[in-house]
Amino acid sequence: DFVIGTKAKPAAVDNLLDALRRMKPPDGIVYVGFPVVATESETSTIDALFTSSSFGVVVFDLLDSSPGPDAWEEVEERQSRLVAGLTSRLLLHKDLRKGPRLAFDIHVLTYSPNRVRPPRGKELTVAWPDNLHSVLEARPKLPPKLLVYLNAALQGVSTIKPRKKRALVKGSTT
């Protein structure tokens, strides 16, 4: 499934969505243009977020073009802010925590429509259409129960009735 919000980088988003559709992931939701996450001094919108029991939680930081050598520092800083903001938001949901931490890891993937390589010493995971599937397969799986709670948290649903109670719902008045 795809939930499309505002495309800050339309060409890169469309390229990513095409690559994911060709991949035919067995499950998951791709959120484009949200959620908006906040850190102590600013708000940021995640270019794309993929939640999947097969591939875990992946924040896509999209590149419009190949960054110059000095721009990779900014890429690292942006990704750190995105993960910090998303982590902070998700920690508010007890079903997503294991003790004081999230019960899963959030992985950041730098995605470019063209093959790019960060300079030596930069610990960034980079993907492009030809290697996207293999890079995603290296991500740890996410338990299906956590995936339900995660997507509910991202979509702003506050409670999910137990399956038994949901089965009894027939319409909007029952």
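Everything numeric in this text was worked out from a predicted model, so none of it was measured.

Peer 1: How do you make sense of the confidence of the model for the protein chain when you look at a structure like this?
Peer 2: Fine structural detail should not be taken from predicted coordinates in areas where pLDDT scores are low. Confidence in the prediction of the protein chain, expressed as mean pLDDT, is 87, and 89% of residues score 70 or more. In the predicted structure, residues 158–167 sits below a pLDDT of 50 and forms five contacts with residues beyond four places in sequence or in another chain.

Peer 1: Help me out: how do you make sense of helix α2 (residues 71–90) in this one?
Peer 2: Quick reminder: α-helices carry 3.6 residues per turn. Residues three or four places apart thus point the same way. In this model, α2 (20 residues) spans 29 Å end to end at C-alpha, consistent with the 28 Å of a helix rising 1.5 Å per residue. Among all positions in α2, only Trp72, Val75, Arg78, Gln79, Leu82, Gly85, Leu86 and Leu90 are buried. Down the axis, α2 shows its buried residues gathered within 150° of arc, on one side only.

Peer 1: Hey, could you run me through the packing of aromatic side chains in this one?
Peer 2: Given two aromatic rings, one states the distance between the centres and the angle between the planes to describe the pair. Considering all chains together, one arrives at two aromatic pairs under this definition. Consider the rings of Phe50 and Phe55, whose centres lie 6.0 Å apart with planes at 35°: the pair is tilted. Comparing Phe50 with Phe55, the two get one shared label, buried. For the pair Phe60 and Tyr111, a centre-to-centre distance of 6.4 Å together with 90° between the ring planes defines the contact as edge-to-face. Here Phe60 is found in strand β6 (residues 56–62), whereas its partner Tyr111 is found in strand β9 (residues 106–111), with 51 residues between them in sequence. Residue class for Phe60 comes out buried when judged on its relative accessible area of 0%. A cation over an aromatic ring shows up here: Arg21 above the ring of Phe2, its NZ or CZ 4.6 Å from the ring centre.

Parameters at a glance
- Residues numbered from 1 in each chain as written.
- Predicted model: local features only at pLDDT ≥ 70, side-chain atom pairs only at ≥ 80, totals over all residues.
- Heavy atoms only, no water.
- pLDDT = per-residue confidence, 0-100.
- Contact = heavy atoms within 4.5 Å.
- Helix = DSSP H or I, 4+ residues; strand = E, 2+ residues; numbered from the N terminus.
- Expected span 1.5 Å × (residues − 1).
- Buried < 20%, exposed > 50% of the residue type's maximum accessible area, 1.4 Å probe, protein only.
- Arc of directions from axis to C-beta.
- Phe/Tyr/Trp six-rings, centres within 6.5 Å; stacked < 30°, edge-to-face > 60°.
- Lys NZ or Arg CZ within 6 Å of the ring centre and 35° of its normal.

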